[in-house]
Amino acid sequence: MDRICLRPLRRRDHRLCLRLKVRNTQRTFVHSTRFSLEEAKTSTVPVLLLGIWRGRRLIGFAMVRYQPCGVPGISGPAYEIARFLIDRRYQGRGYGAAAFRQLLAFLRTLPLGPAGAVFLFCNQKNTVGWNLYGVAGFRQTRIFNTLHERLAVTCIS
Ligand SMILES: CC(C)(COP(=O)(O)OP(=O)(O)OC[C@H]1O[C@@H](n2cnc3c(N)ncnc32)[C@H](O)[C@@H]1OP(=O)(O)O)[C@@H](O)C(=O)NCCC(=O)NCCS
């Protein structure tokens, strides 16, 4: 498989990032990159924007928030994988799994500060997403956010 690489998204990559699209059936699973880039600007907690590259081509995007006080269901500081997507043209080739492994390895270096856990919220119907997170060791909880997405957690310390 081609080499996949995660790098912080530079300002000049934003235009490419805006072109990343998921399948129509996946649009309820993740916010658009346009929404995410706007949201990052006004975040009250530290945010990391990461590009997922295959060679010189941007094929995906991840947004991580550092939650210094945790969230309901998680005590203490934690990293939240707030967005994770692979462009629809590049899905189903193992790139999502490879990028997700790299993302977790990167978060284990605690790039924004100490933390004991990584968490995310995922739509119940997102079977591909849940498969990815299950393989990566995420445990599903009984906690839901206001969008009815289920909280999943894994320890990193
Ligand atoms: C979730 C997502 C990132 C996965 O990326 P991907 O590159 O397509 O995933 P991979 O090719 O690495 O496949 C990962 C696993 O899902 C399976 N899979 C991938 N696409 C699939 C499909 N359409 N149907 C069924 N299984 C599928 C693969 O077989 C693989 O399973 P395995 O590890 O048991 O072999 C991608 O589908 C996506 O961007 N979805 C929309 C956004 C989203 O839902 N993000 C998560 C929000 S919580």
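Residues numbered from 1 in each chain as written. Predicted model: local features only at pLDDT ≥ 70, side-chain atom pairs only at ≥ 80, totals over all residues.

Peer 1: Could you clarify how one ought to interpret the site of the ligand in this entry?
Peer 2: Around the ligand sit 22 residues, and of these Phe29, Leu85, Gln91, Gly96 and Ala97 come closest. The set of elements that each furnish at least two residues to the shell around the ligand consists of strand E4 (78-86), helix H3 (95-107), strand E5 (117-122) and helix H4 (127-135). Considering every element that reaches the shell around the ligand, the biggest residue donor is H4, with five residues. Along the lines of polarity and charge, the residues of the shell around the ligand split into 13 nonpolar, eight polar and one charged. (Near = placed C-beta within 6 Å. Helix = DSSP H or I, 4+ residues; strand = E, 2+ residues; numbered from the N terminus. Nonpolar A, V, L, I, M, F, W, Y, C, P; charged D, E, K, R; others polar.)

Peer 1: Any chance you could explain the pairing of strand E6 (residues 139-144) here in plain terms?
Peer 2: Regular strands have side chains that alternate between both faces of the sheet. Here E6 runs beside strand E7 (residues 150-155); their pairing, made up of three bridges, is antiparallel. When the sheet's bridge partners are listed, Arg139 is paired in E7 with Val153. Counted between consecutive antiparallel strands, the loop separating E6 from E7 contains five residues, among which His148 sits at a positive phi close to 65°. (Pairing = 2+ DSSP bridges.)

Peer 1: Would you mind showing me how to read H3 here?
Peer 2: Since the α-helix turns once every 3.6 residues, residues separated by three or four places project in the same direction. Given a rise of 1.5 Å per residue, 13 residues ought to cover 18 Å, and the 18 Å separating the end C-alpha atoms of H3 matches this to within 8%. Contacts made by the buried residues of H3 are with strand E1 (4-8), strand E2 (47-54), strand E3 (57-67), E4, E5 and H4. (Expected span 1.5 Å × (residues − 1). Contact = placed C-beta atoms within 7 Å.)

Peer 1: Hey, could you run me through the environment of Pro8 in this one?
Peer 2: You can see Pro8 is positioned in strand E1. Each C-alpha atom, one on Pro8 and one on Leu132, is 22 Å from the other, the two residues being 124 residues apart in sequence. The residues contacting Pro8, other than those within four sequence positions of it, are Leu48, Leu49 and Leu50.

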